[in-house]
Amino acid sequence: MTPPPLIHGDPGLQPERTTLAWTRTTVSFAVSSAILLRWLPHYGVLVVTLILLLVAMALGIYGSQTTRHRAAVQGLVAGRVRAQVGVVLLMTAGMIVFGVAGLFLILS
């Protein structure tokens, strides 16, 4: 059974905007993975690795979205929202790997 939605007093709906932004990120990773399928015959294992990286990141975002949303709402209610530094660093590292691999594919 799904727990009832948490109520917060933010008129700008900050937690909802953040959740929507993470959803757009998940969709962009899924689309990027699908586009990479085009390069599979040319680059083989490297493209498969990049696809798996993007899918893993998208699934990680999707799987933790409810928890992050609840934490943001509870933080607003309590008056203290904690920054999610670990998630940002993990996403940054994944995007750096993806970007470097993309440059390698372009330049090789």
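Residues numbered from 1 in each chain as written. Predicted model: local features only at pLDDT ≥ 70, side-chain atom pairs only at ≥ 80, totals over all residues. Heavy atoms only, no water.

**Some points on the packing of helix α3 (residues 45-78) against helix α4 (residues 85-107)**
Packed helices, taken two at a time, are described by the angle their axes make and the gap between the axes. Orientation of α3 relative to α4, taken along the N-to-C sense of each, is 160°, at an axis distance of 11 Å. It follows that α3 is roughly antiparallel to α4 by the angle criterion. In the packing of α3 onto α4, the handedness of the crossing is left-handed. In this structure, α3 uses L46, V47, L50, L53, L54, M57, I61 and R68 to contact α4, whose residues at the interface are V87, M91, G94, M95, V97, F98, A101, F104 and L105. Grouping the amino acids of the contact of α3 with α4 by side-chain chemistry returns 15 nonpolar, one polar and one charged. (Axes fitted to C-alpha atoms, helices over the stretch in contact; angles between N-to-C directions. Helix = DSSP H or I, 4+ residues; strand = E, 2+ residues; numbered from the N terminus. Parallel < 35°, antiparallel > 145°, perpendicular 65-115°, else oblique. Left-handed = near helix turned anticlockwise from the far one by under 90°. Contact = heavy atoms within 4.5 Å. Nonpolar A, V, L, I, M, F, W, Y, C, P; charged D, E, K, R; others polar.)

**Topic: the nonpolar core**
A general tendency of soluble globular proteins is for nonpolar side chains to be buried together. Among the nonpolar cores identified, the biggest contains 13 residues, and F29, L36, V47, L50, I61 and M91 are the most heavily contacted of them. Those elements that provide at least two residues to this core are α1 (14-36), α3 and α4. In terms of residue count, the dominant contributor to this core is α3 (seven residues). (Core = buried A, V, L, I, M, F, W, Y, C linked by side-chain atoms within 4.5 Å. Buried < 20%, exposed > 50% of the residue type's maximum accessible area, 1.4 Å probe, protein only.)

**Things to note about the side chain of R68**
Along the polypeptide, R68 turns up in helix α3. There is a polar contact of 2.8 Å between the side chain of R68 and the backbone oxygen of I61. Excluding its chain neighbours within four sequence positions, the residues that come into contact with R68 are W22, I61, Q84 and V87. (Polar contact = N/O pair within 3.5 Å; in protein donor to acceptor, adjacent residues only side chain to side chain.)

**Overview of α3**
Counted at 1.5 Å a residue, the expected span for α3 with its 34 residues is 50 Å, and the 48 Å between its end C-alpha atoms agrees. Here α3 has its buried residues at V47, L50, I51, L54, M57, A58, I61, Q65, R68, A72, V73 and G75. (Expected span 1.5 Å × (residues − 1).)

**What to know about the packing of α1 against α4**
Running from N to C, α1 and α4 cross one another at 20°; their axes reach a closest spacing of 14 Å. By the angle between their directions, the pair α1 and α4 is classed as roughly parallel. Between α1 and α4 lies a crossing of left-handed hand. Two secondary-structure elements touch here, α1 through W22, T25, F29 and L36 and α4 through V87, M91, M95 and F98. In the contact of α1 with α4, the residues fall into seven nonpolar, one polar and no charged.

**Section: the side chain of T26**
In this structure, T26 sits in helix α1. Beyond its immediate sequence surroundings of up to four residues, T26 is in contact with A58, I61 and Y62.

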